[in-house]
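What follows is each chain in one-letter form.
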Amino acid sequence: MVAALGIGWFLFAQLEGDLYQAREEARLEKRAAARPTELPGEEEPPPAAAPPAPPGRAVGKLAIPRLGLSVLVAGGADKRTLRRAVGHIPGTALPGEAGNVGLAGHRDRYFRPLKDVRRDDEITLTTPEGTFRYRVEWTEVVERTAVHVLDDTAAPALTLVTCYPFYYVGPAPKRFIVRARQIGHEPPPAAGAAP
């Protein structure tokens, strides 16, 4: 009976995550398509910056092509969000802002491929504001209390956080950190432009 409940919960969590990924990816694409196609004139005020996404709402899509990793990023890092997506850690920069963008994900769901990440791997983070490109500089295993890895940085950076060891039963005692620096940004394509 306990085994059946455990399997049922696992299947529910998988299905919930898959449905969330599909729904939020469509919503994210719709937001990107609705962006203005030209800059406002002098008589028009510039559009207001988009506020951070509420917890659980998609803000972008993270990809590490060499690892085959492609997953949505949602606002917040609470349990429900991390069950459905990679979470943007509150208090860290958003893509396009100066500083350190912090993202967290479960090692047994979306961030399992990070076990094979290497220095110089390219990471993309695509948002309605365009595609931000990063290059991995280093990885490190730290204590779970080592929040200094999320400190602000002088240059735009990306920090990925997941539990460690990757194959561990129960709450993992350490954290695996991937730090990458921003190497480029491509603005979103104009509405109606060919991909």
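Chemist: Please provide a residue-by-residue account of the overall build of the protein, values included.
Modeler: Scanning the protein for helices and strands turns up two helices and eight strands. N-terminal to C-terminal, the α/β element order of the protein is α-β-β-α-β-β-β-β-β-β. Residues classed as buried in the protein amount to 38% of the 195 residues present. Long-range contacts, defined as pairs at least 24 residues apart, comprise 62% of the intrachain contacts of the protein with a sequence gap of at least 6.

Chemist: Residues and numbers for the pairing of strand 7 (residues 157–164), please.
Modeler: Within strand 7, seven of the eight residues are buried, leaving the element largely enclosed by the surrounding structure. In this sheet, strand 7 lies alongside strand 4 (residues 100–104) in parallel orientation, the contact comprising five bridges. Its bridge partner lying in strand 7, Ala104 is registered against Val161. The sheet contact formed by strand 7 and strand 8 (residues 174–186) spans eight bridges and is antiparallel. Across the sheet, residue Tyr164 finds its bridge partner in strand 8, namely Lys174.

Chemist: Account for the sheet that holds strand 4, naming residues and giving values.
Modeler: Either a parallel or an antiparallel arrangement is found when strands of a sheet pair, and the pairing is made through backbone hydrogen bonds. Reading around the barrel, the eight strands line up as 1-2-3-4-7-8-6-5 and close back on themselves, with mixed pairing between neighbours. In this sheet, neighbouring strand axes are inclined to one another by 30° on average, regardless of whether the strands run parallel or antiparallel.

Chemist: Go over the packing of aromatic side chains with me, naming the residues and quoting the values.
Modeler: Under the criterion given, the structure shown has three aromatic pairs. Ring geometry for Tyr164 and Phe166: centres 5.8 Å apart, planes at 85°, overall edge-to-face. Classification of Tyr164 by relative accessible area gives partly exposed; the value is 28%. Seen from their ring centres, Phe166 and Phe176 are 5.2 Å apart, and the 65° between their planes marks the pair as edge-to-face. One end of the pair, Phe166, is in the loop between strand 7 and strand 8; the other, Phe176, is in strand 8, and 10 residues separate them in sequence. The rings of Tyr164, Phe166 and Phe176 are connected pair by pair, giving a single aromatic cluster.

Chemist: Hey, could you go over the side chain of His88 for me, with residue numbers and the actual values?
Modeler: Tracing the backbone through its elements, the reader meets His88 in strand 3 (residues 86–88). A polar atom in the side chain of His88 sits 3.2 Å from the side chain of Thr92.

Chemist: Residues and numbers for the environment of Glu186, please.
Modeler: Mapping Glu186 onto the fold places it in strand 8. With 54 residues separating them in the primary sequence, Glu186 and Phe132 have C-alpha atoms 6.6 Å apart. Not counting residues up to four positions away in its chain, the partners in contact with Glu186 are Gly130, Thr131 and Arg133. A distance of 3.2 Å separates the side chain of Glu186 from the side chain of Arg133, its partner in a polar contact.

Chemist: Just give me the short version of the pairing of strand 6 (residues 130–143), but keep the residues and values in it.
Modeler: For a regular strand, side chains alternate in direction, first toward one face of the sheet and then toward the other. Examined bridge by bridge, strand 5 (residues 122–127) and strand 6 share six bridges and lie antiparallel to one another. Paired with Ile123 across the bridge in strand 6 is Tyr134. Pairing of strand 6 with strand 8, which is carried by 12 bridges, proceeds in the antiparallel orientation. Counted as the bridge partner of Arg133 is Gly184 from strand 8.

Chemist: Describe the pattern of salt bridges, with residues and values.
Modeler: Considering all chains together, one arrives at seven salt bridges under this definition. Salt-bridge contacts for Arg133 lead to Glu122; the nearest nitrogen and oxygen are separated by 3.1 Å. Taken together, the positions of Arg133 in strand 6 and Glu122 in strand 5 put the pair 11 residues apart, joining distant regions of the chain. As a salt-bridge pair, Glu143 and Lys174 come within 2.4 Å of each other at their nearest N and O atoms. With a gap of 31 residues between them, Glu143 in strand 6 and Lys174 in strand 8 connect regions that are remote in the sequence. Residue classification places Lys174 among the partly exposed residues on the basis of a relative accessible area of 30%. A cluster of three or more residues bridged by salt bridges with shared partners is formed by Glu122, Arg133, Arg135 and Glu186.

What counts, and at which threshold
- Residues numbered from 1 in each chain as written.
- Predicted model: local features only at pLDDT ≥ 70, side-chain atom pairs only at ≥ 80, totals over all residues.
- Heavy atoms only, no water.
- Helix = DSSP H or I, 4+ residues; strand = E, 2+ residues; numbered from the N terminus.
- Buried < 20%, exposed > 50% of the residue type's maximum accessible area, 1.4 Å probe, protein only.
- Contact = heavy atoms within 4.5 Å.
- Pairing = 2+ DSSP bridges.
- Axes fitted to C-alpha atoms, helices over the stretch in contact; angles between N-to-C directions.
- Phe/Tyr/Trp six-rings, centres within 6.5 Å; stacked < 30°, edge-to-face > 60°.
- Polar contact = N/O pair within 3.5 Å; in protein donor to acceptor, adjacent residues only side chain to side chain.
- Salt bridge = Lys/Arg side-chain N within 4 Å of Asp/Glu carboxyl O.

Just geometry here; none of it tells us what the structure is for.
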